[in-house]
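Topology and contacts: notes
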Amino acid sequence: MKKYRKTAMQGIVLAALAFLLSMNMEMKVNAETKKDSGNGVEYEDSIDMSVGYANDSSYGGGAVTYIYLDMDGDRVGKVTSSNPNLLVKKTRESYSNTTTKDWETNQKITKNNYRSAYLSFFAKKAGEYTVTFEVLKADGSVRCTKNIQVKAVASGSYASPIKSIKYNGKNLYNYYPYTTIPSGKLSVKLKKQYKRLSIEVGVRNKSGKVTYKKVENNKKIKLAKKAVYSYSYNFSNGSAEYTYDELFPTTYIRITYQNRKTGKVNTWTTCLYYLNKKQSWKNK
């Protein structure tokens, strides 16, 4: 029973981490993703962030980025910053185990496959920095070295693309921490140097995944009035199911835009929370 509870708890933690990643709520951080299929590395090679923020990430630090590794046994090794004004630290490692069967010997073969790492940043001063990390093979030798370009801007002057964003005629901050208005016109204005490519509104489906659909600017949108979803996990010695009924169903607003000068395409995401005090399922 103790072993089952421990395994179930691990499942809960994994589910929570998946939610945090899918939400993409780091409004002070923009990033560009790059994939090196030959070396099995996927990472964000360009990051914009604010100076002086120490708690904008679940893993600590003013910004967080992921490194996904596809080669069995690979891991992230040495991580360095080009300047002491930008602190960087590897704050999470994630492994996955796979078990196969040798049909000749009838023995199980278990492999530890290193899958991903997270780096956290803290910028003391505004500036442009380079973070370098090594990807190590299972035997400890260096497979490749990658660079991440980091641009840190002063707090309050973060290069947000948004000039204004309004819901039902008012700026979004008027609706925090939550709203009871289920629908209203969404109006988005970008700064001169940015071109709006699309506006999307996202809600959680029955499996908890955020799904988006495109909407037109200056048109009415409907907020999620309830968010009921569930996850189920099968373990070696049992199974578990987690059902959620949010007090504040979340509607995600995702804006895809392009920098007119550099041509880079990024997304900016924010949320509106609707108050729902009604229980949507019956206790079992």
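Residues numbered from 1 in each chain as written. Predicted model: local features only at pLDDT ≥ 70, side-chain atom pairs only at ≥ 80, totals over all residues. Heavy atoms only, no water.

The subject of this paragraph is the packing of aromatic side chains. Enumeration over the complete set of coordinates arrives at 5 aromatic pairs. The ring centre of Tyr-229 lies 5.7 Å from the NZ or CZ of Arg-204, which sits over that ring. Over the ring of Tyr-212 we find Arg-254, and its NZ or CZ is 3.7 Å from the ring centre. (Phe/Tyr/Trp six-rings, centres within 6.5 Å; stacked < 30°, edge-to-face > 60°. Lys NZ or Arg CZ within 6 Å of the ring centre and 35° of its normal.)

Once that is clear, we can look at the sheet that holds strand E10 (residues 170–171). Across the sheet, 4 strands lie side by side as E10-E9-E11-E14; this open sheet has antiparallel pairing. Bordering the open sheet on either side are E10 and strand E14 (219–222), each of which pairs with just one other strand. In the sheet, strand E9 (residues 162–167) pairs with E10 via 2 bridges, with the strands oriented antiparallel. Considered in E10, the bridge of Tyr-167 is made with Lys-170. (Pairing = 2+ DSSP bridges. Helix = DSSP H or I, 4+ residues; strand = E, 2+ residues; numbered from the N terminus.)

Of all 10 residues in strand E2 (residues 41–50), 7 are buried, a share of seventy percent or more. As judged from the 3 bridges shared by E2 and strand E3 (residues 63–69), these two strands associate in the antiparallel manner. Paired with Glu-42 across the strands is Tyr-68, a residue of E3. Both E2 and strand E8 (residues 142–153) contribute to a ladder of 5 bridges, which runs parallel. Looking at E8, one finds that Ser-46 is bridged to Gln-149. (Buried < 20%, exposed > 50% of the residue type's maximum accessible area, 1.4 Å probe, protein only.)

This brings us to the pattern of salt bridges. Going through the model one piece at a time under the given rule, you end up with 4 salt bridges. With its nearest N and O atoms 2.6 Å apart, the salt bridge here joins Asp-36 to Lys-146. Note that Asp-36 is positioned in strand E1 (residues 30–36) and Lys-146 in strand E8, a separation of 110 residues in sequence. Judged on exposure class, the residue Asp-36 and its partner Lys-146 are both buried. Measuring nitrogen to oxygen at the nearest pair gives 2.6 Å for the salt bridge that ties Asp-74 to Arg-143. Of this pair, Asp-74 sits in the loop between E3 and strand E4 (75–81) while Arg-143 sits in strand E8, and the two are 69 residues apart along the sequence. Overall, Asp-74 belongs to the buried group, its relative accessible area being 0%. Arg-143 sits in the partly exposed class, given a relative accessible area of 26%. (Salt bridge = Lys/Arg side-chain N within 4 Å of Asp/Glu carboxyl O.)

On to a positive patch on the surface, then. Together, Lys-163, Lys-166, Lys-189 and Lys-192 make up a positively charged patch on the protein surface. Within the secondary structure, Lys-166 sits in strand E9. (Patch = residues over 30% accessible without salt bridge, like charges linked within 9 Å, V, L, I, M, F, W, Y side chains within 5 Å. Areas by Shrake-Rupley, 256 points an atom, 1.4 Å probe, with all protein chains shown as cover. Lys, Arg positive; Asp, Glu negative; His and termini not counted. Charge placed at Lys NZ, Arg CZ, Asp CG, Glu CD.)

Think of a sheet as strands paired side by side through backbone hydrogen bonds, with each pair either parallel or antiparallel. Spatial ordering of the open sheet is given by E13-E12-E17-E18, a layout of 4 strands whose pairing is antiparallel. The sheet is open, and its two edges are formed by strand E13 (210–215) and strand E18 (265–273), each paired on a single side. Put simply, the sheet's adjacent strands are angled 30° from each other on average, direction ignored. With 9 bridges joining them, strand E17 (residues 250–259) and E18 adopt antiparallel strand pairing. The residue of E18 that forms the bridge with Thr-250 is Tyr-273. (Axes fitted to C-alpha atoms, helices over the stretch in contact; angles between N-to-C directions.)

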